[in-house]
Amino acid sequence: MPNASDILQMRNITKRFPGVVALSDVSMYVKTGEIHAVCGENGAGKSTLMKVLSGVYPFGTYEGDIVFQGEQMRFRDVRQSEAVGIAIIHQELALIPELSITENIFLGNEPGRFGVIDWVAAQKRARELLDLVGLSEDPDTKIKTLGVGKQQLIEIAKALHKDVKLLILDEPTAALNETESQHLLDLIGGFKKTGMTSIMISHKLNEIERIADSITIIRDGKTVETLDVSSGGVDEDRIIRGMVGRSLESRFPERTPNIGDTFFEVRDWTVQHPIDPDRLVCKSESFFVRRGEIVGFAGLMGAGRTELAMSVFGRSYGNYLSGEIYKDGQELKIGNVHEAIEHGLGYVSEDRKALGLNLLDTIKRATVSARLEKISQGGVVDDLKEFAVAEEYRKRLRTKANSVDEGVSKLSGGNQQKVVLAKWMFTDPDILILDEPTRGIDVGAKYEIYGIINELAAQGKGIVLISSELPELLGMSDRIYTIFEGQITNVLSAEEANPESLMVSMTSTRKTGPAA
Amino acid sequence: MSKFTRSVRTLTGGRGLSQYSMIIALVAIIIVFDLWTGGLTLDPTNVINMVQQYSYILILAIGMVMLIIAGHIDLSVGSVAAFVGIVVAQSMAVWHLPAGLAMLLGLVVGALVGAWQGFWVAFVRVPAFIVTLAGQLIFRGANQVVGNSTASPTPASYNWIGNGFLPDFGPDFGYSNWTLILGAIVVVALIWKELRDRRKRVAMGASLRPAWVSVVKLVVLCGITVYATLLFGSGRVGTSFPIVGIIAGILILIYSFVTSSTIFGRHIYAVGGNASAAVLSGVKSRRVNFLLMMNMSVLAAVAGMVFVGNAQASGPFDGTGWELDAIAAVFVGGAAIFGGVGTVAGSIIGAFVMAFLSNGLSLLGLDSPWVSIIRGLVLIAAVGFDVYNKTQGRPSVTGLLLRGFMRRKPTVTEEAIDAQPKGLEQPAGDKVPLS
């Protein structure tokens, strides 16, 4: 609630993107010296709110007021928000790997005169800052030799150097292990004692419960409530209720599941992070899919859902360490994507523009691109067949386009996604992995895509559905696995699953329902 | 829309004249220079000389456009051509290999060189720019080691691939008979292809363009063919269409087909258009990259051998600056520097533009430094337009003229940028994330 002692008041913030209202009348009041958490599902608008605050979206592109230390703020860019003492530490770190710790801390802010850097002063100050964040590294160490946890601390040291009054941390512990997270949280607690205010965005509710003084919950671009932790009664379940508290509307087409035997199985799947070999992105995970079954995968951003899916799909992510894949009782030896497709796997990627489509292609070319062999003879593509196939899928999926010769870059998101689905349906997979198949798609197109997914399941294919939207998972899936920090924590049948039970297993290793 | 513009759109398949902007530019250059030089440009002897002199650009541009579509480049083609040239010349001079065997040897050496460069690019993942920069030094040096830094003459039995003509035979109509036959074959092929395309459109159930469109198109294309036939056929006695022209023509046909109609061709565009998406669609991108590098060196070998034949000797400075000629032709021909866009046919037109420009300027008596400066300006203008168009969301140079025909440019919304994934490394690891 608004209070004269608030360091920050964001009042009635509304932010519109073309066709979408990302934030609608959001208010947030942060008291001086507290740790304030912002919670919400993926896409609820947390990051947008922080971008408004830090000036990434300049004054004038949003409606509402930002009052910082009693003064109205009108940031035109990030520099201006930094100048008054607001520092934001993003999920993706912005350090330069080839430079040393000192050089990174003072980048753009070098001490010295006439453009000549005073390295002695810089080193001295760097040591002080490293002490503050509890890091005992030589300031000459290059960033690239440090792990993510230490890099995060350097980012914080960099912010401290700029005399920060309000520190914003966006998912600070998402990439950290248990000890590193512990250290970081202690550090933030320590800052609080020195009078610094922090805003923390996190999906890890146990951390928030432990450290936060108050919590603002955002859902669908609106402020739901602000919880005062000190007044008691706030626990993980209470936060989850605030985050998901909406009813499931009938946004999903009718379907009578016709589920057969288990025919696809992944056992003890272990994968290393591609850059940081100390991190396992999948830790001995096992799951199975039955014929005609839609299996949901729930997990928060960075939990390892996509990493699991892509590594199963022809080892296209990370370094494979161990694990087996079985289909119809046979072990599949899959070394690359080409073999995965030949063995009947399909993967509709999370990011259709970066990974799903060549945006220079026409609909026709994109549709056949994952299985050209099917319409070719002796390596020569039969363009009559290509046209026929593309036309068939255009009609079947009701893709809105003048002709299949149209470029995919000109289609709307929903229609692009239909082209991607057509591309993978054309490969005739037995197992189709759908990673966020409805991201960035309007409601009408979503309904159509759900219909297509149901149709594929009815044909006896196994569907793996990865989604950040709990209603979508609950509305579509026959069974749902939950993933947390690279581990499958639970599996719930459609009857057992509800937003609360899923959210609990998505944010901790706690189990709620019986494992199937 | 006026009746004229509507007719133009029908004629060009609804896309306006813009897609032919480079052809129009080429025709304009030829006509301007022909008028300016008082008919020297389109004199039969000059045209025949040009084909013999500049065919190496055509051959190199074929391989270069494929590399550039896939997002690579080759700076070593001139040195590789010179290296293969001296090996071929020395093999005939020292080992007394017959001409045919020497040519075969040249192709094998080209393939080995290509395998070497392809290995570094595809498997070690060193950027092609660096690998072929090294190759430029290595094979220039190798040329001078093999040839002791001096020129090595080649026998007449070999030289016909560079300076030979189709032999004359039969009755004298005032034109070379073989050239007439060649022209007739091309005319028949053009008509056959147009009929086949029309049948295909019927089979696809696509709307058929009116018959007059096909007639106009055929009249124009056949007219050009007939004119060229008479031009090449009416040169000095003993000349006709050059052998190098036939070699280049066959290569152009083969590679146009490969790039447009085969699985391999599709994979080239896929790798260049979006490498990550290509990998996730089952394209073996390393194999594609390897084969493209190898192919480029084989074509460089062909260009080198043809050049040696025309010069009747292999010298230590053969092929200097060829990489720039080939790259310029490709970009003038509408390929995009970001990869994924380009055609063999476009690059050939680009090569013609560059060749007619050089030839015309030197016929005008301009010194070679000025020719060089003007060619440079043309290149920067063509690529500058391409980059400008790219930032405007249009595909390439070909979209610049007659902008009114272009569709509305696509816009990237902030929402779309926000929808990008966070914190997930992409599989190929060579894409710059949006943010």
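One can find the structure itself at the top, above this paragraph.
The model shown is predicted, which means the values in this text are computed figures rather than measured ones.

The subject of this paragraph is the overall build of chain B. Counting its regular elements, chain B contains 17 helices and two strands. Relative to its full complement of 435 residues, chain B shows a buried share of 43%. Of the contacts formed within chain B by residues at least 6 apart in sequence, a portion of 77% connects residues at least 24 apart.

A word on helix α8 (residues 236-244) of chain A. Residue and element names in this part refer to chain A. Looking at α8, one finds that the buried residues are Ile-239, Ile-240, Gly-242 and Met-243. The buried residues of α8 occupy an angular sector of 160 degrees when projected down its axis, which confines them to one face. Buried residues along α8 sit against β3 (35-39), α7 (205-211), β11 (214-219), β12 (222-228) and α17 (499-507).

In this section: the sheet that holds strand β13 (residues 262-272) of chain A. All names here are of chain A. The sheet built from four strands is open, its strands ordered β14-β13-β16-β17 with antiparallel pairing. Edge positions in the open sheet fall to β14 (280-290) and β17 (330-332), since each of these has one partner strand only. On average, adjacent strands in this sheet sit at an angle of 15 degrees to one another, irrespective of strand direction. Relative to strand β16 (residues 319-327), β13 runs antiparallel, the two sharing seven bridges. Opposite Val-271, over in β16, you have Tyr-320 as the bridge partner.

As a further point, take the packing of helix α14 (residues 322-332) of chain B against helix α15 (residues 344-363) of chain B. Residue and element names in this part refer to chain B. Direction vectors running N to C along α14 and α15 enclose 115 degrees, while the axes themselves pass 7 Å from each other. Crossing handedness for the pair α14 and α15: right-handed. On the side of α14, the interface is formed by Asp-325, Ala-328, Ala-329, Val-330 and Val-332, while α15 contributes Ser-347, Gly-350, Ala-351, Val-353 and Met-354. When grouped by side-chain class, the residues that make up the contact of α14 with α15 number seven nonpolar, two polar and one charged.

Turning our attention to the packing of helix α10 (residues 243-261) of chain B against helix α11 (residues 263-273) of chain B. Residues and elements named next belong to chain B. For the pair α10 and α11, the least separation of the axes is 5 Å and the interaxial angle reads 70 degrees. Judged by the angle between their axes, α10 and α11 are roughly perpendicular. Residue-level inspection shows Val-258, Thr-259, Ser-260 and Ser-261 of α10 in contact with α11, the latter providing Phe-264, Gly-265 and Ile-268. When grouped by side-chain class, the residues that make up the contact of α10 with α11 number three nonpolar, four polar and no charged.

Here we come to the environment of Lys192(A). Residue and element names in this part refer to chain A. For Lys-192, the location among the structural elements is in helix α6 (residues 178-193). C-beta crowding within 10 Å serves as the criterion here: with 16 such atoms nearby, Lys-192 is assigned to the partly exposed category. As a C-alpha pair, Lys-192 and Thr-32 span 160 residues in sequence and 9.5 Å in three-dimensional space. When near neighbours in sequence (up to four residues on either side) are disregarded, Lys-192 contacts Gly-33, Ile-35 and Ser-198.

The next subject is the pairing of strand β15 (residues 294-299) of chain A. Residues and elements named next belong to chain A. Most of β15 is tucked away: six of the six residues are buried. Where β15 lies against strand β22 (residues 462-467), five bridges are found, and the strand directions are parallel. In the sheet register, Gly-296 faces β22, and the bridge partner there is Leu-465. The pairing of β15 with strand β23 (residues 479-484) spans five bridges and is parallel. Looking across to β23, one finds that Phe-297 is bridged to Tyr-481.

For the rest of this paragraph, the subject is the nonpolar core. Among the nonpolar cores identified, the biggest contains 253 residues, and Val464(A), Ile57(B), Ile59(B), Leu60(B) and Ala61(B) are the most heavily contacted of them. Beyond its immediate sequence surroundings of up to four residues, Leu60(B) is in contact with Val77(B), Leu299(B), Ala300(B), Ala303(B), Trp322(B) and Ala326(B).

Moving on, we get to unusual backbone geometry. Residues and elements named next belong to chain A. We note that Gln-69 has phi near 50 degrees; this positive angle belongs to a residue other than glycine. Within the fold, Gln-69 resides in the loop between β4 (62-68) and β5 (71-72). With 14 C-beta atoms counted inside 10 Å, the residue Gln-69 sits in the partly exposed group. A positive phi angle, near 50 degrees, is found at Glu-436, a position not held by glycine. Relative to the assigned elements, Glu-436 resides in the loop between β21 (431-435) and α15 (443-458).

Residues and elements named next belong to chain A. Read across the open sheet, the six strands follow the order β18-β21-β22-β15-β23-β24; overall the sheet is mixed. If you trace the sheet from one side to the other, it starts and ends with β18 (345-348) and β24 (487-493), each paired once. Put simply, the sheet's adjacent strands are angled 20 degrees from each other on average, direction ignored. Across five bridges, β21 lies against β22 in parallel orientation. When the sheet's bridge partners are listed, Ile-431 is paired in β22 with Gly-462.

The next point concerns the environment of Leu167(A). All names here are of chain A. Along the polypeptide, Leu-167 turns up in strand β9 (residues 166-170). Separated by 36 residues in sequence, Leu-167 and Asp-131 have C-alpha atoms that sit 18 Å apart. Those residues within four positions of Leu-167 in sequence are excluded, and the remaining contacts are Ala-87, Ala-159, Phe-191, Met-196 and Ser-198.

Moving on, we get to the pairing of β12(A). Residue and element names in this part refer to chain A. As paired elements, β11 and β12 share six bridges and run antiparallel to each other. Opposite Ser-214, over in β12, you have Asp-228 as the bridge partner. From the end of β11 to the start of β12, which pair antiparallel, there are two residues, and Asp-220 there has a positive phi angle of about 50 degrees.

What counts as what
Residues numbered from 1 in each chain as written. Chains lettered and ligands numbered in written order. Predicted model: local features only at pLDDT ≥ 70, side-chain atom pairs only at ≥ 80, totals over all residues. Helix = DSSP H or I, 4+ residues; strand = E, 2+ residues; numbered from the N terminus. Buried ≥ 20, exposed ≤ 12 C-beta atoms within 10 Å, placed from the backbone. Contact = placed C-beta atoms within 7 Å. Arc of directions from axis to C-beta. Pairing = 2+ DSSP bridges. Axes fitted to C-alpha atoms, helices over the stretch in contact; angles between N-to-C directions. Left-handed = near helix turned anticlockwise from the far one by under 90°. Nonpolar A, V, L, I, M, F, W, Y, C, P; charged D, E, K, R; others polar. Parallel < 35°, antiparallel > 145°, perpendicular 65-115°, else oblique. Core = buried A, V, L, I, M, F, W, Y, C linked by C-beta atoms within 7 Å.

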